[in-house]
Amino acid sequence: MQNSQPEVWLRGPVPGIPSLLQPAAHALLQSSEEIERYLQGFPEDQLWTKIAGRASVGFHLKHITGVLDRMITYAKSKGLTDSQFSYLANEGKPTAELHAADLVLNFQNKTKEALLFFETLNEATLKEPRTVGRKKLPSTTLGLLFHAAEHSQRHVGQLLVTISFLTKS
């Protein structure tokens, strides 16, 4: 599980990304690289296994993709679609047709989409108020995008622990 490159944040700025969003971009790219590395050789039959009542690897992979998608939607000052609500409702449900490689690729694609969105933003936009969820809880564009990034890092850590336990010899 070693990487010969330094962590993403030590590789310099991500081209085209506003300076205030660099930490979020770095965190999302780091998450993307780590889940790909951690899932190499992971046994497919363990994808939905829960340990001690905690979330499965499959859940973590679906969840970080879904959260990133939802935070981008809120950052655009839009409400969730029926498709997004359906995805949310099914994040924890095993999906036989989706394999670990599919779930990794889905997150990587959503990360690319997020970075393209980041490129469209400026400092004034980042400070604009935004709301979250049906309760319309207060945030800002920057708050939503930072949360998406730190949330992905938190779940990647949990995913690593779960993978480590499931694959210990």
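The sections below set out a description of the structure shown in this document. Since we're looking at a predicted model, the values are computed, not measured. For every chain, the first residue of the written sequence is number 1, and numbering continues from 1 onward in sequence order. Per-residue local features of the predicted model are confined to residues with pLDDT of at least 70, and side-chain atom pairs are confined, for both listing and counting, to 80 or more; whole-chain, interface and lining totals are unaffected and use all residues. The basis for the side-chain values is all heavy atoms of the structure; hydrogens and waters are excluded.

Looking now at the layout of surface pockets. In this structure, the largest pocket occupies an estimated 180 Å³ of space. A pocket, in this scheme, is an open set of points on a 1 Å grid over the protein atoms alone with protein on both sides within 12 Å along at least 5 of 7 lines, while a cavity is a set where a 1.4 Å probe fits but cannot get out; residues line either one if an atom lies within 4 Å of a point. Forming the boundary of the largest pocket are Ile51, Arg54, Ala55, His60, Gln158, Val161, Thr162 and Phe165. Here a strand is any run of E in DSSP of at least two residues, a helix any run of H or I of at least four, and the numbering for each starts at the N terminus. For the lining of the largest pocket, the leading source of residues is helix α6 (residues 141–166), giving four residues. In this count, Pro and Cys sit with the nonpolar residues alongside Ala, Val, Leu, Ile, Met, Phe, Trp and Tyr, while Asp, Glu, Lys and Arg are called charged and the others, Gly among them, polar. Class assignment of the residues belonging to the lining of the largest pocket gives a composition of four nonpolar, three polar and one charged. Grid points are joined across faces, edges and corners, and a volume is the space filled by probe spheres set on the points.

We now examine the pairing of strand β2 (residues 137–140). Strand pairing follows a simple DSSP-based rule, namely that at least 2 bridges must link the two strands. Bridge count for strand β1 (residues 129–132) against β2 is four bridges, and the pairing is antiparallel. Across the sheet, the residue bridging to Pro129 is Thr140, located in β2.

We now examine the packing of helix α2 (residues 57–75) against α6. The angle between two axes is taken between their N-to-C directions and runs from 0 to 180 degrees, where each axis is a line fitted to C-alpha atoms and a helix contributes only its stretch in contact. Put simply, α2 and α6 touch, their axes get as near as 9 Å, and they point 175° apart. With respect to α6, the axis of α2 lies roughly antiparallel. For the contact of α2 with α6, the residue count by class is 16 nonpolar, nine polar and no charged. Any angle from 65 to 115 degrees is called roughly perpendicular, while one under 35 is roughly parallel, one over 145 is roughly antiparallel, and all others are oblique.

With that settled, the discussion passes to the nonpolar core. A general trend in soluble globular proteins is that nonpolar side chains are found buried together. Residues enter a nonpolar core if they are buried and are Ala, Val, Leu, Ile, Met, Phe, Trp, Tyr or Cys, with the set joined through side-chain atoms within 4.5 Å. Partly exposed describes any residue whose relative accessible area lies between the buried limit of under 20% and the exposed limit of over 50%, with all areas from a 1.4 Å probe on protein chains only and scaled to the type maximum. Ile35, Leu39, Val57, Leu61, Phe118 and Leu159 are the most contacted members of the largest nonpolar core, which has 40 residues in total. Of all the secondary structure elements, the ones that give two or more residues to this core are α1 (22–38), α2, α4 (100–119) and α6. Sorting elements by how many residues they give to this core places α2 first, with nine residues. The residues contacting Leu39, other than those within four sequence positions of it, are Val57, Leu61, Ala100, Val104, Leu159 and Ile163. Here a residue-residue contact requires only that any non-hydrogen atoms of the pair lie within 4.5 Å.

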